[in-house]
Amino acid sequence: MSAVRDWPLWEVFIRSQHGVAHKHVGSLHAASAEAALCAARDVYTRRHEGVSIWVVPSAAITASSPGEREPLFEPANNKVYRHPGFFQVPPEVKNL
Amino acid sequence: MFDIALFMGDTDLILSQRLGEWCGHAPVLEEDLALANTALDLLGQARLWLSLAGELEGRGRSEDDLAFLSDAGEFRNLLLVEQPNGDYAQTMLRQYFFDTWHQLELARLGQAAGRVAEIAAKAATENAYHVRRSRDWVFQMGDGTEESHSRAQAAADRLWPYAGEMFHGDSGPLRAPWIEEVRATFAQATLEVPAATWAHRGGRDGIHTEALGHLLAEMQFLQRAYPGARW
């Protein structure tokens, strides 16, 4: 068996119930997609946490860089008009 | 029916104990958990079968009496499942041979009457996942590195003579579909299906390999040393 360090890393996403989005729960090493799916089932759904599993090769994820935080996210700070808080909600509208 | 319940219960129990031996020793954490999951599935099935066996026998023996106070000669499990864990290839090939037979056997027992069919149906759901997992390991090891391939082949060759016993009596017709499944899997895993046709017998008659005694010495130690001890 090849050493575990040779196995690629996979990110695991679990959907806890129908109609809810898959949520990232962790990562694991596995030799293939099928092995990763089995391992995810055995590690992350032991207490009935999910109805669906995705495994994604970690290498396939393109991530933003922490160094780019300012140019990416600062500009949204002072644009309060993007929040839907500038109109009156009619009293007839419930449960908003 | 007593014979079937005892045979299924003992076989599940002994394999569960074997898999439990890996707990804390498996090559990676994911496998440690997966083997423990499988072991606990099988232990749950063993409890159902042995409880049923105790009732059918009608001598007041509980599942615990059958599991912890029977001597080796009273166990009816398959010789395959008492074989030592060996390396990971041996553990997973043993599992694959067992899981694929188990799936067929549970489908067959699902046609029986009453409790036997109920237990078989519950067990079949759990087992469907076991098959998927152990089959994938056969692919991975057979079609993996040179070393994993040779270990998987060695494990298949060593365990093959213990497979024949699974197709005794009413289970005979399961042999053809089982061989077909193994051939397809081995072809994809680039493994050779062993040619030997000779098979060990004895598990169903209580004639076991020496491996069972060692396993029972560990499994039954507590109840033997402290009779009636409880958590």
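Quick caveat: nothing in here was measured; it's all calculated off a predicted structure.

Participant: For this particular structure, what's the right way to read the overall build of chain A?
Facilitator: Regarding its fold elements, chain A presents two helices and three strands. The C-alpha atoms of chain A give 20 Å as radius of gyration, which overshoots the globular expectation for 96 residues (12 Å, by more than 25%). Here the C-alpha coordinates of chain A stretch approximately 65 × 35 × 15 Å along the principal axes. In chain A, which comprises 96 residues, the proportion classed as buried is 16%. Residue pairs at least 24 apart in sequence account for 46% of intrachain contacts in chain A once pairs closer than 6 positions are excluded.

Participant: Even after reading the chapter, I still don't get the nonpolar core, so can you show me in this structure?
Facilitator: Nonpolar side chains tend toward joint burial in soluble globular proteins. Ranked by size, the top nonpolar core spans 72 residues in total, and within it Trp49, Leu80, Leu93, Val138 and Leu159 of chain B carry the most contacts. Not counting the four nearest positions on each side in its chain, Val138 of chain B is found in contact with Met92, Leu93, Tyr96, Ala152, Thr185 and Ala189 of chain B.

Participant: What should I look at first to understand the interface of chain B and chain A in this one?
Facilitator: How big an interface is tends to be reported as the loss of accessible area on association of its parts. Across the contact, 13 residues belong to chain B and 13 residues belong to chain A. By residue class, the composition of the side of chain B that touches chain A is five nonpolar, five polar and three charged.

Participant: Explanation requested: the sheet that holds strand β3 (residues 52–57) of chain A in the structure shown.
Facilitator: Two strands in a sheet stick together by hydrogen bonds in their backbones, pointing the same way (parallel) or opposite ways (antiparallel). Residues and elements named next belong to chain A. Here three strands make up an open sheet; going across it, the order is β2-β1-β3 and the pairing antiparallel. What marks the edges here is a single partner per strand, and that holds for β2 (23–29) and β3. Across the sheet, the axes of successive neighbouring strands diverge by a mean angle of 30 degrees, strand direction being ignored. With six bridges connecting them, strand β1 (residues 9–15) and β3 associate as antiparallel partners.

Participant: Could you clarify how one ought to interpret the confidence of the model for chain A in this entry?
Facilitator: The share of residues in chain A with pLDDT of 70 or more is 94%, and the mean pLDDT across the chain is 89. Within chain A, the lowest mean pLDDT, 88, falls on helix α2 (residues 69–73) of chain A, and the highest, 97, falls on β3 of chain A.

Participant: What am I meant to see in the pairing of β1 of chain A here?
Facilitator: Put simply, side chains in a regular strand alternate between the two faces of the sheet. All names here are of chain A. Burial of β1 is one-sided: the residues Trp10, Val12 and Ile14 facing one way are buried, the residues Leu9, Glu11, Phe13 and Arg15 facing the other way are not. Taken together, the six bridges between β1 and β2 define a ladder with antiparallel strand orientation. Paired with Leu9 across the two strands is His29, which belongs to β2.

Participant: Is there a simple way to explain unusual backbone geometry in this structure?
Facilitator: With glycine set apart, most residues show a phi of negative sign, and most peptide bonds adopt trans. All names here are of chain A. Phi at His48 is positive, roughly 65 degrees, even though this residue is not glycine. Position of His48 among the secondary structure elements: in the loop between α1 (33–44) and β3. Given 7 C-beta atoms within 10 Å, His48 falls into the exposed group.

Participant: Help me out: how do you make sense of the environment of Gln188 of chain B in this one?
Facilitator: Secondary-structure assignment places Gln188 of chain B in helix α8 (residues 175–188). Taking the C-alpha atoms as reference, Gln188 of chain B lies 6.8 Å from Phe139 of chain B; in sequence the two are 49 residues apart.

Participant: Looking at this model, I keep getting lost on the packing of helix α5 (residues 88–109) of chain B against α8 of chain B. Mind explaining?
Facilitator: If you want to describe how two helices pack, look at the angle between their axes and the distance between the axes. All names here are of chain B. Contact geometry of α5 with α8 gives a least axis separation of 10 Å together with a crossing angle of 145 degrees. For α5 against α8, the interelement crossing comes out right-handed. Residues Thr100, Trp101 and Leu104 of α5 form the contact with α8, whose own contacting residues are Pro177, Trp178, Glu181 and Val182. Here the residues of the contact of α5 with α8 sort into five nonpolar, one polar and one charged.

The rules behind these values
Residues numbered from 1 in each chain as written. Chains lettered and ligands numbered in written order. Predicted model: local features only at pLDDT ≥ 70, side-chain atom pairs only at ≥ 80, totals over all residues. Helix = DSSP H or I, 4+ residues; strand = E, 2+ residues; numbered from the N terminus. Rg over C-alpha atoms; globule rule 2.2 N^0.38 Å. Buried ≥ 20, exposed ≤ 12 C-beta atoms within 10 Å, placed from the backbone. Contact = placed C-beta atoms within 7 Å. Core = buried A, V, L, I, M, F, W, Y, C linked by C-beta atoms within 7 Å. Nonpolar A, V, L, I, M, F, W, Y, C, P; charged D, E, K, R; others polar. Pairing = 2+ DSSP bridges. Axes fitted to C-alpha atoms, helices over the stretch in contact; angles between N-to-C directions. pLDDT = per-residue confidence, 0-100. Left-handed = near helix turned anticlockwise from the far one by under 90°.

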